[in-house]
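Examining the three-dimensional arrangement
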Amino acid sequence: MQMGALNVCDDTVDDSYRYIQELNGSNMNYGNSKIENINSMCGIFDPMAAKLNPQKFTNWVLQKCISNKVSIFTDTLVEKIDHNDGGYNILFEGGSIQTKNVVVACNSNISKLCPEINGAVFPVYSCVVATTSVEPIYDINIAFSDEDDYWIQNKDGTMIYGYGEFIDISDNNMITDHEMKQRLLNRFPQLDECSFDITHKWIGTMGYTIDGYPIIGKLSGSCYICGGYNGDGMPIAFNSGRIIAKLLTGQIHKFLERVSPLRFVK
């Protein structure tokens with residue numbers, strides 16, 4: 001790395017540390033509203049460390065799969081996994097696949113396919129929205145998280161806001177744009193309902209485990225599991241896949257006891 005880049009990193013860390021000092025145990029004002037921030041837990045993001053374009057990365061992985069003649073079945077719901085002498089029979093609507101090894105990596109739905117750990121992973125509803133530009137909430141560009149809610153305001157005034165909640169989504173009980181707008185107004189009462197709109201929305205479920213640790217490792221025979229990331233799938237999932245690949249090739253990972261699925265098998 002060039003010396004100039006190192007200097008930029010130093011400046012970034014110094015600025016971030018100053019922001020943390022200002023935020024930690026302090027109050028911030030916005031108009032007539034006061035936002036209390038007591039004993040915050042803060043972290044530093046260094047933009048010079050690494051950057052990743054998710055679409056380009058996904059396309060690269062897809063090309064690797066195609067070049068290695070990997071068969072990909074999209075929109076295919078697996079209904080059951082049967083173990084037999086030859087390995088495993090993957091049952092889905094309209095057919096089945098016979099395989100020697102199987103990796104269950106469906107996060108919040110792991111228990112449905114692996115009844116041995118039934119109740120160990122439960123789904124948490126998650127919704128993230130992007131908004132049009134609004135007046136600055138804070139005078140610094142930093143992300144915040146408060147229990148189940150998290151948000152950031154970009155330099156152009158647009159906001160990304162998300163939350164997770166334990167609700168029943170079996171009957172398509174999906175939150176509406178209006179409800180998300182109300183959550184934003186409750187979080188930031190200084191905003192005017194007519195001053196912004198929701199432009200994008202993402203909805204899904206996250207897998208949470210009863211002990212807060214992910215599930216990574218061998219369940220039985222040649223059946224492996226990775227999931228239950230407790231809302232931190234982006235930083236954990238890739239390494240989970242790497243660990244499973246090492247297990248499949250006969251390598252052992254020293255941290256597997258703590259996250260082994262066997263801790264939930266009765």
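Presented here is an overview of the structure given in this document. (Residues numbered from 1 in each chain as written. Predicted model: local features only at pLDDT ≥ 70, side-chain atom pairs only at ≥ 80, totals over all residues. Heavy atoms only, no water.)

Regarding the sheet that holds strand β3 (residues 78–84)
Strand pairing within a sheet occurs via backbone hydrogen bonds; the two strands may be parallel or antiparallel. The strand order across the open sheet formed by 3 strands is β3-β4-β5, and the pairing between neighbours is antiparallel. Among the strands making up the open sheet, the edge pair consists of β3 and β5 (95–99). On average, adjacent strands in this sheet sit at an angle of 20° to one another, irrespective of strand direction. Pairing of β3 with strand β4 (residues 87–92) involves 6 bridges; the strand directions are antiparallel. Across the sheet, H83 pairs through a bridge with Y88, a residue of β4. (Pairing = 2+ DSSP bridges. Helix = DSSP H or I, 4+ residues; strand = E, 2+ residues; numbered from the N terminus. Axes fitted to C-alpha atoms, helices over the stretch in contact; angles between N-to-C directions.)

Remarks on the pattern of salt bridges
Enumeration according to the criterion identifies 6 salt bridges in this entry. Put simply, K80 and D82 hold a salt bridge, and the shortest N to O gap is 3.6 Å. Assessed through its relative accessible area of 46%, K80 is described here as partly exposed. Overall, the relative accessible area of 27% leaves D82 in the partly exposed class. The residue D177 makes a salt bridge to K201 at a minimum N-O spacing of 2.9 Å. In this pair, D177 sits in helix α4 (residues 177–187) while K201 sits in strand β11 (residues 198–209), placing the two residues 24 residues apart along the sequence. A residue is classified by how much of its surface remains accessible, and D177, at 38% relative accessible area, is partly exposed. The class of K201 is partly exposed, set by a relative accessible area of 31%. (Salt bridge = Lys/Arg side-chain N within 4 Å of Asp/Glu carboxyl O. Buried < 20%, exposed > 50% of the residue type's maximum accessible area, 1.4 Å probe, protein only.)

So, the nonpolar core
The biggest cluster of nonpolar side chains holds 19 residues, and the ones touching the most others in it are M180 and F188. If you list the elements that add at least two residues to this core, you get β7 (121–131), β10 (159–165) and α4. Setting aside chain neighbours within four positions, we find F188 in contact with I137, Y138, W151 and M159. (Core = buried A, V, L, I, M, F, W, Y, C linked by side-chain atoms within 4.5 Å. Contact = heavy atoms within 4.5 Å.)

A closer look at the pairing of strand β9 (residues 149–153)
Because side chains alternate across β9, one face comprises the buried residues D149, W151 and Q153, and the other comprises Y150 and I152, none of which is buried. Here β9 runs beside β10; their pairing, made up of 5 bridges, is antiparallel. Each residue of the ladder has a partner; that of Q153, found in β10, is M159. Between the antiparallel neighbours β9 and β10 lie 5 residues, among them G157 with a positive phi of about 95°.

Considering the sheet that holds strand β13 (residues 223–227)
Within the open sheet, the 3 strands sit side by side as β6-β13-β12. Their pairing is mixed. Every other strand in the sheet has two partners, leaving β6 (102–104) and β12 (215–220) as the edge strands with one partner each. Here the average twist between neighbouring strands, direction ignored, is 20°. Sheet topology note: the β6/β13 ladder contains 3 bridges and is parallel. Within the sheet, the bridge partner assigned to V103 lies in β13 and is Y224.

Some points on the packing of aromatic side chains
In this description, an aromatic ring pair is defined by two values, namely the gap between the centres and the angle between the planes. In this structure the tally under the stated criterion is 6 aromatic pairs. Between F73 and F92, the aromatic rings sit 6.4 Å apart at their centres with planes inclined by 40°, giving tilted as the arrangement. Placement of the pair is F73 in the loop between α2 (54–67) and β3 and F92 in strand β4, with a sequence separation of 19 residues. Aromatic rings pair up to connect F57, W60 and F238 into one cluster. The ring of F196 has K181 sitting right over it, with the charged end atom 5.1 Å from the ring centre. (Phe/Tyr/Trp six-rings, centres within 6.5 Å; stacked < 30°, edge-to-face > 60°. Lys NZ or Arg CZ within 6 Å of the ring centre and 35° of its normal.)

Focus: the side chain of T209
With respect to the helices and strands, T209 occurs in strand β11. Reaching out from T209, the side chain makes a polar contact with the backbone oxygen of Y213 at a distance of 2.7 Å. In contact with T209, other than residues within four places in its own chain, are A120, V121, F122, I215, G228 and N230. (Polar contact = N/O pair within 3.5 Å; in protein donor to acceptor, adjacent residues only side chain to side chain.)

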